[in-house]
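Residue-level structural notes
The lines below spell out each chain.
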Amino acid sequence: AVYTSNAGLAWTRQSPGVTAWLSSVAVSPAGLFVAVGENGFAATSPDGIAWTPRTSGTANWLNRVKWLNDRFWAMGDGGTLLASVDGATWQSVGTGATGPLYAGANNGPAYVVAGENEVRTGAGFPLAWTNELDAGRPSPPPLWTYFAAERFDPFHVLAGRSGMLARGFAAGSPPVHYWEDIGGSIRNWLWDMTRLPELSVAVGDFATVLTS
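Reference entry: report on the structure contained in this document. (Residues numbered from 1 in each chain as written. Predicted model: local features only at pLDDT ≥ 70, side-chain atom pairs only at ≥ 80, totals over all residues. Heavy atoms only, no water.)

Observations concerning the nonpolar core
By size, the foremost hydrophobic cluster in this structure holds 12 residues: Ala103, Ala105, Val112, Ala114, Val119, Leu133, Tyr146, Ala149, Leu158, Met164, Ala166 and Trp179. If you list the elements that add at least two residues to this core, you get strand S11 (101-107), strand S12 (110-115) and strand S15 (146-152). In this structure, methionine 164 is in contact with Pro142, Trp144, Tyr146, Leu158, Ala159, Asp181 and Leu190, ignoring residues within four places of it in sequence. Leu68, Trp73, Leu81 and Tyr111 belong to the second largest nonpolar core, which has 11 residues in total. (Core = buried A, V, L, I, M, F, W, Y, C linked by side-chain atoms within 4.5 Å. Buried < 20%, exposed > 50% of the residue type's maximum accessible area, 1.4 Å probe, protein only. Helix = DSSP H or I, 4+ residues; strand = E, 2+ residues; numbered from the N terminus. Contact = heavy atoms within 4.5 Å.)

In structure tokens form, the structure reads like this:
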């Protein structure tokens, strides 16, 4: 199912011509839409109405797609992470993750992906990934399931199961991330976050809406 709206008030159901379950959609600054979902499904659209299926190169369920920095990033089951500049040609990115990935964010050239007992950060070119949950890290995030990630300069913020909110920042050269639990659990699960210049919003289970 795909719905479009010009103002977010009245919505029109479109006929994308696909039967795969869709789990996430993102748009590039140029206005290109990418949707991902069931069994590695990916599709692109110039307007959100007409869609073209693409080959992602994976059969794993893709849980989230976001435009980060200069390309689309798709996160999925089995530690799947894919990157594409145009939504048509996808490249597999190895982070070392094996659990499902649900979220991703970037702070300039520094990236974070997170999921079920997975938090990985990447920096440099090509990206060198670090397991932030490794017992040897100086201040790791809680071992948790995270469904959303966002950048709040200079921090990365993760949100997820039972309302967990964790915040991390990098210091030193090479950079090392330090994480902390920042909210105390509200118990309602958090599914997504977004930020505007003057407002940050997280949403979740039981119609939960948090602002900061």
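Now that the structure is up, let's keep going.
Re the environment of leucine 143
Summarising the element assignment, leucine 143 is placed in the loop between strand S14 (128-131) and S15. For leucine 143, a relative accessible area of 56% gives the class exposed.

A word on unusual backbone geometry
Aspartate 153 connects to proline 154 through a cis peptide bond whose omega is 0°. Relative to the helices and strands, proline 154 resides in the loop between S15 and strand S16 (155-160). Backbone geometry at asparagine 69 places phi at a positive 70°, although glycine is not the residue there. Secondary-structure assignment places asparagine 69 in the loop between strand S7 (62-68) and strand S8 (71-76). The class of asparagine 69 is partly exposed, set by a relative accessible area of 43%. Here phenylalanine 206, not a glycine, exhibits a phi torsion of approximately 55°, which is positive. By the element assignment, phenylalanine 206 lies in the loop between strand S20 (199-204) and strand S21 (208-211). Classification of phenylalanine 206 by relative accessible area gives exposed; the value is 67%.

Let's talk about the environment of arginine 161
Structurally, arginine 161 can be placed in the loop between S16 and strand S17 (165-171). A residue is classified by how much of its surface remains accessible, and arginine 161, at 28% relative accessible area, is partly exposed. Distance in space between the C-alpha atoms of arginine 161 and isoleucine 186 is 9.8 Å, their sequence separation being 25 residues. Apart from the residues within four sequence positions on either side, arginine 161 is in contact with Trp144, Thr145, Phe147 and Trp189.

Section: the pairing of strand S5 (residues 42-45)
Going residue by residue along S5, you find Ala42 and Thr44 tucked away on one face and Ala43 and Ser45 tucked away on the opposite face as well. Here strand S4 (residues 33-37) runs beside S5; their pairing, made up of four bridges, is antiparallel. By the bridge assignment, valine 36 is partnered in S5 with alanine 42. The loop that links S4 with its antiparallel partner S5 comprises four residues; one of these, asparagine 39, has a positive phi angle of about 50°. Between S5 and the antiparallel strand that follows it, strand S6 (residues 52-54), lie six residues; glycine 48 among them carries a positive phi value of about 80°. (Pairing = 2+ DSSP bridges.)

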